Amino acid sequence: MPVHASQGIQANRGRGVGLGLALVSALAFGGSGVAAKPLIEAGLDPLHVVWLRVAGAALVMLPVAWRHRSLVVQRPALLAGFGLLAVAGVQACYFAAISRIPVGVALLIEYLAPALVLGWVRFVQRRPVTRAAALGVVLAVGGLACVVEVWAGLSVDLIGLLLALGAACCQVGYFVLSDQGSDAGDRAPDPLGVIAYGLLVGALVLTAVARPWGMDWSVLGGSASMNGTSVPAWLLLCWIVLIATVIAYVTGVLSVRRLSPQVAGVVACLEAVIATVLAWVLLGEHLSAPQIVGGAVVLVGAFIAQSSAPAKPEVVAVAVGVEAFQDKAAPDKAASDATAAHEASPQSPQSPQPPQSPQSPQSPDKTLSRRGSAN
């Protein structure tokens, strides 16, 4: 009992730490748009802000990349895909979107990604999707219609909406690529190493796309206006690089290691709420009542869709098959062992000895079967 109690306490403590890290990650990610928009309004191109963010974070994570340099040979495709989609694609589309539409609207559209993941699971991976998951997708799409106010003739900038949807699609790639190697056990790639090299790949891609040599570097030496308050531009850049990128990614990965990807993904949906509240308080951006209701519906739909994703059928099938094989093999092995023991034992012609009891050889298989059932 003391051992089981200690294990339960450690599990609850680890889960609590994981939830805390997930909340910190959501808070850090949620503040990226609030810090980036004043820099964009001060004269920096959205792609230049993205390049500064990713390149700065890549420099900070460079020691981690060097420590896990073997990943370049072991998982080159994973690192390239993570850098293109999860880093460069998400950040470029999102920052370009918030230059045209409010931060809260852009982030709420981006967080259709948990629902879009289910479409990937159902139609690409050919895995079943529950009715609750389908309901979550319907709620998310309905909430999105309220956010963009479709009844008003799509009053929000169409290009901004498409860019936000592009960020959502790239975030789907982030979830799918993050699941690669999850069943490899100790051979799975270190997530911190994947993030470090993803930032490096993203920085190289964005260097070619954003062409930072044409950036107006003097903006960083000045100040930016945050809802009428003058803030040093370099301070906003430090916020974006250290808090909204490095701390956000690291705490997010560590939270997934202590929780499950589904639970961490659901907690990450709070990023949209945090970003909307911060944009309201710090930038003076206000949403209408239908947009607030639609945003809440999007979050509820994403929560249902993500939390109701079924387990992988292959894993369940293998577990059931192993258990059935063990249950069937146990009596056969016991009978075989009993026969072998009877033939091998020295017997006298006058007093033949009865066969040995099959209980002793059978017990290991019964124990194994019970363990398989418990698993």
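This structure is a prediction, so every number in the text was calculated from the model and none was measured.

A. Focus on the environment of Leu23. The topology assignment puts Leu23 in helix α1 (residues 2–30). Leu23 gets classed as partly exposed once you look at its relative accessible area, which sits at 45%. With 245 residues separating them along the chain, Leu23 and Ala268 place their C-alpha atoms 7.2 Å apart.

B. Looking closely at the layout of surface pockets. Within this model, the second largest pocket holds a volume of roughly 230 Å³. In terms of lining, the second largest pocket is formed by 13 residues, of which the most central are Val273, Thr276, Val277, Leu287 and Ile292. Those elements that place two or more of their residues in the lining of the second largest pocket are α14 (270–282) and α15 (289–307). Per-element tally for the lining of the second largest pocket: the top contributor is α15, with 5 residues.

C. Looking closely at the nonpolar core. If you look at the biggest cluster of nonpolar residues, it comprises 80 residues, and the most contacted ones within it are Leu44, Val49, Tyr94 and Leu199. At 12 residues, helix α6 (residues 76–98) tops the list of elements feeding residues into this core. Every residue in contact with Val49, bar those within four places of it in the chain, is listed here: Ala36, Leu39, Ile40, Leu44, Phe95 and Ile240.

D. The arrangement of the pairing of strand β2 (residues 229–232) in detail. In this structure, strand β1 (residues 223–226) lies alongside β2, joined through 4 bridges in antiparallel fashion. Within β2, the position partnered with Met226 by the bridge is Thr229.

Conventions and cut-offs
Residues numbered from 1 in each chain as written. Predicted model: local features only at pLDDT ≥ 70, side-chain atom pairs only at ≥ 80, totals over all residues. Heavy atoms only, no water. Helix = DSSP H or I, 4+ residues; strand = E, 2+ residues; numbered from the N terminus. Buried < 20%, exposed > 50% of the residue type's maximum accessible area, 1.4 Å probe, protein only. 1 Å grid on protein atoms, 1.4 Å probe; cavity = no way out; pocket = protein on both sides within 12 Å on 5 of 7 lines; lining within 4 Å. Points joined across faces, edges and corners; volume = space filled by probe spheres on them. Core = buried A, V, L, I, M, F, W, Y, C linked by side-chain atoms within 4.5 Å. Contact = heavy atoms within 4.5 Å. Pairing = 2+ DSSP bridges.

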